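# Summary of the model geometry
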Amino acid sequence: MAAVRCARAPRGLLSPRAGPGISVLAAAPSVLQQHRQVHHAVIPHGRSGRSSVSGIVATVFGATGFLGRYVVNRLGRIGSQVIIPYRCDQYDLMYLRPMGDLGQLLFLEWDCKDKDSIRRAVEHSNVVINLVGKEWETKNFSFEDEFVNIPKTIAHITREAGVETLIHISHLNASMKSPSKYLRSKAVGEKAVREEFPDAIILKPSEMFGREDRFLNHYANMRWFGGVPLISLGKKTVKQPVYVVDVAKAIINAIKDPDAKGKTYALAGPNRYLLYDMVEYIYAVCFRTFLPYPLPRPLYHLVARFFEINPFEPWLTRDKVDRFHTTDMTFPDLPGLEDLGIQPTSLEQKAIEVLRRHRRYRWLDAELEDAKPAKTYPM
């Protein structure tokens, strides 16, 4: 008769328990195991797909954002269990619910300033992903809160909880010398996370494009202003946008790669464009008239200020003006998408997915080949 011994289930196991704000996450109970060091619930098994078990139990902070929905979908499609802490309205979670099999997505209301709330979100996970961020400051949360204090707290509690992997999303242009407060805060946040969790995996994507993005759609919507205002006509700014799906794939591959721990990755697309040429291509794909005009930075900031003081979500801010007119940096010494086994997707391949909605009816089904490809520049 095989010997049966009693062992405590590992931290990856989730089971029901009662508690404030979380009813389905539980302290792992004692279970019977036959000569096993890990519980079967965290051993990958089953067919590939959403009904399988990948062994990944991931807490995704900021899952309701642009990048977050792609990350949750990628985790769900390989059979991962995903804890989604949220601060938003329930209606903002609806599109996430079909992304995982029954019981695989667990929603947890949390307060980013409450350490106990963060601790409950990460205590049963073996992976924590921080995607928290916003493009503008509010009266409750400054850039320092979003990109320094919250990531630092998450990293500290994650290390205390003994979580194996922490992935932090920064920005390719994060620098203390940047004119953008957004990018300066990102740079400080990188250092804070690295100090709290030395083995953290830091990903630095450039501006991301994809459906529902705030990059290609932003410039396409500028046609309502009678043209596209660009500082120096956009001929002094070079951009290297990255496809959001590639970034989501990079996160999943980094989780699976044991050699990724402690590394910083620079994630950028395969091509570099002058901002002028890139926006011109956007309008060519939309079959819209491209009317650029130069606008001095102080005057551009004045226009953005009017959007900032309106009571609704600001479509443009002074910081966004500075960030979009910052040339994307290159990091030849840092690993990139290729090192994570991903072939970068060019803007020309996927722009139509984003920009078709901006076409007039007569051009809705026009072939993409009708638009002249954007001029690229060497790395």
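This text follows the structure it describes.
### Here's the deal with the overall build of the chain
- Scanning the chain from terminus to terminus reveals 10 helices and 15 strands.
- Surface summary for the chain: the accessible area is close to 18,100 Å², and the carbon and sulfur share equals 52%.

### Observations concerning the sheet that holds strand 3 (residues 57-61)
- One open sheet accounts for 7 strands, arranged 5-4-3-6-7-8-13; its pairing is parallel. The sheet terminates laterally at strand 5 (105-109) and strand 13 (264-267), the two strands that pair on one side only. Across the sheet, the axes of successive neighbouring strands diverge by a mean angle of 20°, strand direction being ignored.
- Summarising the sheet, strand 3 and strand 6 (residues 127-130) pair through 4 bridges and their orientation is parallel. Note that in strand 6 the partner of Val60 across the bridge is Ile129.

### Observations concerning unusual backbone geometry
- The residue Glu212 is not glycine, and still its phi comes out positive at about 65°.
- With respect to the helices and strands, the residue Glu212 is situated in the loop between strand 9 (208-209) and helix 5 (216-221).
- Notably, Phe287 is not glycine yet its phi reads approximately 55°, a positive angle.
- Note on placement: Phe287 falls in the loop between helix 7 (275-286) and strand 15 (292-294).

### Quick notes on the pattern of salt bridges
- Using the criterion set out here, one finds 16 salt bridges in the structure.
- Taking the shortest distance from any N to any O, the salt bridge between Arg69 and Glu212 comes out at 3.5 Å. Of this pair, Arg69 sits in helix 1 (residues 66-77) while Glu212 sits in the loop between strand 9 and helix 5, placing them 143 residues apart in sequence.
- Residue classification places Glu212 among the partly exposed residues on the basis of a relative accessible area of 48%.

### A look at the packing of aromatic side chains
- Across all of its chains, the model carries 15 aromatic pairs by this definition.
- Following the ring pairs from residue to residue traces out a cluster consisting of Phe143, Phe147 and Tyr182.
- A cation over an aromatic ring shows up here: Lys113 above the ring of Phe141, its NZ or CZ 4.9 Å from the ring centre.

### Description of the packing of helix 2 (residues 115-122) against helix 3 (residues 143-160)
- Interhelical geometry of helix 2 versus helix 3 gives an angle of 55° and a closest axis separation of 10 Å. Considering the angle they form, helix 2 stands oblique to helix 3. Crossing handedness for the pair helix 2 and helix 3: right-handed. Mapping the contact onto sequence places Lys115, Ile118, Arg119 and Val122 in helix 2 and Thr153, Ile154, Ile157, Thr158 and Glu160 in helix 3.
- Class assignment for the residues of the contact of helix 2 with helix 3 results in 4 nonpolar, 2 polar and 3 charged.

### What to know about the environment of Thr326
- With respect to the secondary-structure elements, Thr326 resides in the loop between helix 9 (318-324) and helix 10 (347-355).
- Taking C-alpha positions, Thr326 is 7.9 Å from Asn173, a pair spaced 153 residues apart along the chain.
- Sequence-distant contacts of Thr326, that is, excluding residues within four places in its chain, are made with Asn173, Pro179, Leu183, Thr237, Val238 and Lys239.

The rules behind these values
Residues numbered from 1 in each chain as written. Predicted model: local features only at pLDDT ≥ 70, side-chain atom pairs only at ≥ 80, totals over all residues. Heavy atoms only, no water. Helix = DSSP H or I, 4+ residues; strand = E, 2+ residues; numbered from the N terminus. Areas by Shrake-Rupley, 256 points an atom, 1.4 Å probe, with all protein chains shown as cover. Pairing = 2+ DSSP bridges. Axes fitted to C-alpha atoms, helices over the stretch in contact; angles between N-to-C directions. Salt bridge = Lys/Arg side-chain N within 4 Å of Asp/Glu carboxyl O. Buried < 20%, exposed > 50% of the residue type's maximum accessible area, 1.4 Å probe, protein only. Phe/Tyr/Trp six-rings, centres within 6.5 Å; stacked < 30°, edge-to-face > 60°. Lys NZ or Arg CZ within 6 Å of the ring centre and 35° of its normal. Parallel < 35°, antiparallel > 145°, perpendicular 65-115°, else oblique. Left-handed = near helix turned anticlockwise from the far one by under 90°. Contact = heavy atoms within 4.5 Å. Nonpolar A, V, L, I, M, F, W, Y, C, P; charged D, E, K, R; others polar.

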